[in-house]
Amino acid sequence: RAKDAGGTRMQFFSAEMSVETKNRMALELDLREALERGEFVLHYQPRICLDDDSPCGVEALIRWNHPSKGLVPPNVFIPIAETTGLICKIGNWVLRQACEDVQRLIDRLGTDLVLSVNVSPVQLRSPTLCGEVRQALQAAGMDTHRLELELTESGLIEDTDTSQQLLRELGDIGVRLAIDDFGTGYAGIAYLRQYPIDVVKLDRAFLCPTPKADGCLDFIRAVTEMCHSLGMRVVAEGVEDADMLRQLLRSDCDEAQGYLFAQPMPLAKLGDYIIDRQAS
Ligand code: C2E
Ligand code: MG
Ligand code: MG
Ligand code: MG
């Protein structure tokens, strides 16, 4: 078996290829086996409600525990998973694992948490996604309204019939839909009217770099007001320091997420974090 894999590699790699190309191809071959080998892990980053400072949700973030490279971040392998189509299987694993993990935590702690899961634009083109979402929820015994799917603007502007129908279906079964990295893509904002979006996640590019940054707070306030008037909640991502938080508290932003509160952490640590945070 190992010999086979070696042979395959020899075929693919030729002397003219750049180191970068070779690395990418080697990673791609490893990625094909990673799911079966159980090399993916989920970390969870808490989301904090700004009105009462309590943890109200968690975002599942995938990592790849590569046998020789160690923990590989998603920005490195998700794009490869997308171009190879592997993302659909990986994404389904994330959904099932995250629903199971978080429902168990909810049962144990008796707390109210929303689980958000990132969904690739490629998954939105798959007619099986809605069924997979239902199955993941059912297998975990999770209420539909607890699950939030984070979509990117680029996934929505493609606007195929499949994705249109899929988003409506997901909205109909009660899953929440969020726009991740809002305002950083090339999309206009017409999609906010077209789709049943519940949550907008403001990218850290929106946050004020310094407390006195010109017009920055006004900008956050205006965007938040627009989202609220359209019935959407607003979450600020990438909140790293107390100054940023102070700015957000002066806007009407609903939730915040970032290193100031917690880094993404393994499930084993999440329970303690939530208990501690609730107590304080
Ligand atoms: P994202 O969904 O926008 O997730 C937020 C990213 O910002 C995470 O990086 C998180 O660790 C990081 N972050 C959190 N707080 C802070 C902060 O205070 N400062 C800064 N500078 N960064 C912060 P991560 O985990 O490396 O994930 C990167 C991206 O990979 C995610 O961005 C998401 O687009 C993608 N991704 C992660 N997990 C999945 C997955 O299961 N499926 C898919 N399709 N994509 C995923
Ligand atoms: Mg996200
Ligand atoms: Mg984001
Ligand atoms: Mg981001």
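Each remark here, short or long, concerns the structure printed above.
Residues numbered from 1 in each chain as written. Chains lettered and ligands numbered in written order. Predicted model: local features only at pLDDT ≥ 70, side-chain atom pairs only at ≥ 80, totals over all residues. Heavy atoms only, no water.

K.L.:
Is there a simple way to think about the coordination of the magnesium ion (ligand 2) in this case?
P.N.:
Perfect tetrahedral coordination of a metal by four donors corresponds to 109.5 degrees between them, and perfect octahedral coordination by six donors corresponds to 90 or 180 degrees. Protein coordination at the magnesium ion (ligand 2): the donors are Glu59 (OE), Asn118 (OD1), Glu150 (OE) and Asp180 (OD), at 1.9 to 2.2 Å from the metal. Written as a sequence motif, the donor residues of the magnesium ion (ligand 2) are E-x58-N-x31-E-x29-D. In this structure, the magnesium ion (ligand 2) lies 4.0 Å away from the magnesium ion (ligand 3), the two metals sharing Asp180 as a donor. Note that Glu59 is positioned in strand S2 (residues 55-66) and Glu150 in strand S5 (residues 147-152), a separation of 91 residues in sequence. For the pair shown, Glu59 and Glu150 are each scored as buried. (Donors = N, O, S within 2.8 Å, 3.2 Å for Na, K, Ca; no water. Helix = DSSP H or I, 4+ residues; strand = E, 2+ residues; numbered from the N terminus. Buried < 20%, exposed > 50% of the residue type's maximum accessible area, 1.4 Å probe, protein only.)

K.L.:
Is there a simple way to explain helix H5 (residues 129-140) in this structure?
P.N.:
Residues spaced three or four apart along an α-helix face the same direction, because each turn holds 3.6 residues. For H5, spanning 12 residues, the distance from its first C-alpha to its last is 17 Å, which sits close to the expected 16 Å at 1.5 Å a residue. Listed as buried for H5 are Leu129, Cys130, Glu132, Val133, Ala136, Leu137 and Ala140. Considered in projection along H5, the buried side chains sweep an arc of 165° and stay on one side of the axis. In H5, those exposed residues whose orientation departs by more than 90 degrees from the buried face are Gln138 and Ala139. At its buried positions, H5 is contacted by helix H4 (87-109), S5 and helix H7 (161-173). Immediately downstream of H5, the backbone of Gly141 shows phi near 65°, a positive value. (Expected span 1.5 Å × (residues − 1). Arc of directions from axis to C-beta. Contact = heavy atoms within 4.5 Å.)

K.L.:
Can you walk me through the pattern of salt bridges in this structure?
P.N.:
Close approach of charged atoms lets side chains of opposite charge pair. Counted according to the given criterion, the structure contains 13 salt bridges. With a shortest N-O distance of 3.1 Å, Arg37 and Glu33 are connected by a salt bridge. Since its relative accessible area comes to 48%, Arg37 is described here as partly exposed. Here Glu148 makes a salt bridge to Arg47, at a shortest N to O gap of 2.8 Å. Here Glu148, found in strand S5, pairs with Arg47, found in strand S1 (residues 40-49); they are 101 residues apart in sequence, far enough to count as distant. Residue class for Arg47 comes out buried when judged on its relative accessible area of 2%. Salt bridges sharing partners connect three or more residues here, namely Arg47, Glu148, Arg233 and Glu255. (Salt bridge = Lys/Arg side-chain N within 4 Å of Asp/Glu carboxyl O.)

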